[in-house]
Amino acid sequence: MPMDALCLAAVCRETGRTVLGGRIDKIHQPTRDEILLHIRSKTGACRLLLTANPSRPRLQLTDLPRENPAEPPMFCMLLRKYLSGGKILELRQPPMERLAELVIEATNEMGDKVTRRLILEAMGRRANLLLLDGEGRIVDCLRRVDVDLSQENARPLLPGMFYKYPPLQVGKLDPTALTEAEREALLETARQDIPADRFLLDTFMGISPLVAREVAFEAFGEVDAPIGRGPEKLLEKLEDLTVRLADDRIQPTLLIREGQPADFSFRPILQYGPGTELRTYESFAALLDDFYQAKDTAETVRQKGQDFIKSVTHARDRLLRKMALQEQELEKTRDRDRNRMYGDIITANLYRMEKGMKTLRAENYYDPDCAEIEIPLDPLKTPQQNAARYYKAYTKAKTAEEMLTIQLEKGAAEREYLDSVLDSISRAEGDRDLEEIRQELVETGYLRRKAKAKDRMKRPGTKPLEFRSTSGFRITVGRNNLQNDRLTTKQAGKWDYWFHTQKIHGSHVILWTEGEKPDERSLQEAAVLAAWFSQGREGKKIPVDYTPVKFVKKPAGARPGMVIYTTYQTAYVDPDESLVRQLKA
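Residues numbered from 1 in each chain as written. Predicted model: local features only at pLDDT ≥ 70, side-chain atom pairs only at ≥ 80, totals over all residues. Heavy atoms only, no water.

K.L.:
For the pattern of salt bridges, give the residues involved together with the corresponding values.
P.N.:
This structure, assessed with the given rule, holds 32 salt bridges. Between E239 and R183 there is a salt bridge whose closest N-O contact spans 3.6 Å. Of the two residues, E239 is situated in helix 6 (residues 231-246) and R183 in helix 3 (residues 180-189); the sequence distance between them amounts to 56 residues. Its relative accessible area of 42% is what places E239 among the partly exposed residues. Linking R352 and E363 is a salt bridge whose minimum nitrogen-to-oxygen distance equals 3.6 Å. Taken together, the positions of R352 in the loop between helix 9 (336-348) and strand 13 (359-363) and E363 in strand 13 put the pair eleven residues apart, joining distant regions of the chain. For E363, a relative accessible area of 42% gives the class partly exposed. Put simply, E90, R92, E101 and R117 are held in one network by salt bridges that share partners. (Salt bridge = Lys/Arg side-chain N within 4 Å of Asp/Glu carboxyl O. Helix = DSSP H or I, 4+ residues; strand = E, 2+ residues; numbered from the N terminus. Buried < 20%, exposed > 50% of the residue type's maximum accessible area, 1.4 Å probe, protein only.)

In structure tokens form, the structure reads like this:
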């Protein structure tokens, strides 16, 4: 769900306990919509993430590493100028607003202490991040909103203007400050036929549809019950909810459907019944990291990898069309023996033929019954030339079959390679992963090499993923084809074990034995990692082949990541995300 005002209040309360009194040590902007503050607080170092992405705006503490661009964006440089070294005095939220405000004490150019505010407006498509000076003027914002471009109820947000909070929702009440008079008026005016959740959404501000349905379910046992069944009970349940929130009696809860994170809330959600798994967390920081990790990665890949995703997909589609035409040509060569037979029969009947004949009727001695056959002839050619024409067509078809077979084998290998690249892109975790894949595509000729930037330093590449088996063996997983090649052909020893899903694209996995014989559990865990980091992640009983590295070879001229292997064993395993997390080094 989008983080509603009630949930944001719980997150701000949790976050404030950690960051208040802390000093801003570093400021980064990993993506266009994200600001990451590295804070030294009384409880130790922490990272505060503020995201103004329209599809997932939020504020949270995070433990997930994020890659930074080679050059910091201008908004990041501005925040560094005004907020670096600043002390966080307050984290507040206007009543029932999807807005979080950091009050920061920093120093100006003269060395004097000044108060500045960093405001996150977590309001869907209007999400924004603004820096204000001590007088409440906008220094700058992530998204500038011009007066002429403002939509209805939107505010102009430009540097130099005084900042104003978003206008309150007209006609809606604050559920945390409901007076007795307002309560009585609601009980008198509530329509009997309106659904209870719709009544809550139309009457109160700051409530998401998920919470409204849950309050209705708690009151009446179903989410679409009409309010006429008991408006007093509905308001009591809403009051209980706000009291628990005010007393900090919350339980961060993740909703999981079909094995995938589907939603989250600050309390258990029971309306979906046993079909939805509820996973509780000790903190919102851990919950939001788990919920948004896959979504953030997918969005980063979609935005930054779109150019070469398109190039690879186009190359693969073009290859498939070419292979389809080659298969049609190959099918035509299947009838080449008929041309040789015609040539042999013409040669055997030269004494009966003369120039100008259009057809030859003769016994087919290739037929057990020696039935007569009619062979088309070119009347402008001699009998010998007609026989030579059919022999030539036979030889051409035979050569074409050999060449087309070779070309189709090469095409199949290239298609496998392109599919493996798309699989690597889908599992990329950031800029560096995507940059390595880009480098691979440049080296293989699918992308043009970029002009070198004079003043830009080359960024170090990413390292393979590291894991540790329960028995203590090191396990390494390649992130892309170039890493797969380095792991398997250059770094791994001949007695280390190599793992890969059978006939499924995925990472090369190396179990480093250091000369010892690995136990069965370590082999099984490495196989699970190979299944998880592959296209078979969503399946069951995934076949994973494994063998000592000495039995794995890379053919001459093969594409990156392409190997052949012999003398292997196969394990059938289920991809297990919890085990992958447990083994993470």
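K.L.:
A description of the sheet that holds strand 10 (residues 253-257) should follow, citing residues and the corresponding values.
P.N.:
In spatial order, the strands read 11-10-12; together these three strands make up an open sheet with antiparallel pairing. Taken across any chain shown, the strands that pair with only one partner, and hence form the sheet edges, are strand 11 (260-265) and strand 12 (277-280). Taking the axes of each pair of neighbouring strands and ignoring which way they run, one obtains an average angle of 30 degrees across the sheet. Taken together, the five bridges between strand 10 and strand 11 define a ladder with antiparallel strand orientation. (Pairing = 2+ DSSP bridges. Axes fitted to C-alpha atoms, helices over the stretch in contact; angles between N-to-C directions.)

K.L.:
Requested: an account of the sheet that holds strand 18 (residues 509-512), with residues and values cited.
P.N.:
Spatially, the six strands line up as an open sheet ordered 15-16-18-17-19-22, and their pairing is antiparallel. Each edge of the open sheet carries a strand with a single partner, namely strand 15 (465-468) and strand 22 (569-573). Strand after strand, the sheet turns through a mean of 25 degrees between neighbouring axes, direction not considered. Contacting strand 16 (474-477), strand 17 (497-501) and strand 18, helix 12 (residues 481-491) runs over the sheet at an angle of about 35 degrees to strand 18. (Contact = heavy atoms within 4.5 Å.)

K.L.:
A description of the state of the cysteines should follow, citing residues and the corresponding values.
P.N.:
With the rule as written, the count across this model stands at zero disulfides. Looking at the unpaired C46, the closest cysteine sulfur is the one in C12, lying at 14 Å. Distance from the sulfur of C141, which forms no disulfide, to the nearest cysteine sulfur (C76) is 16 Å. (Disulfide = S-S within 2.5 Å.)

K.L.:
Run through helix 1 (residues 5-19), naming residues and quoting values.
P.N.:
Over its 15 residues, helix 1 runs 20 Å from end to end, which matches the ideal 21 Å to within 8%, given 1.5 Å per residue. Counting buried positions along helix 1 yields twelve of 15 residues, so the element is predominantly enclosed. Taken together, the buried positions of helix 1 are occupied by A5, L6, C7, L8, A9, A10, V11, C12, E14, T15, G16 and V19. Just downstream of helix 1 lies G21, where phi reads positive at about 85 degrees. (Expected span 1.5 Å × (residues − 1).)

K.L.:
Got a sec to walk through the pairing of strand 3 (residues 44-51)? Specific residues and values, please.
P.N.:
In the sheet, strand 2 (residues 34-41) pairs with strand 3 via eight bridges, with the strands oriented antiparallel. Note on strand 3: the bridge partner recorded for R40 is A45. In terms of strand pairing, strand 3 meets strand 4 (residues 58-61) through four bridges, oriented antiparallel. Residue pairing in the sheet places L48 in a bridge with L61 of strand 4. Counting the residues between successive antiparallel strands, the hairpin from strand 3 to strand 4 contains six residues.

Any functional reading would require information that these geometric values do not contain.
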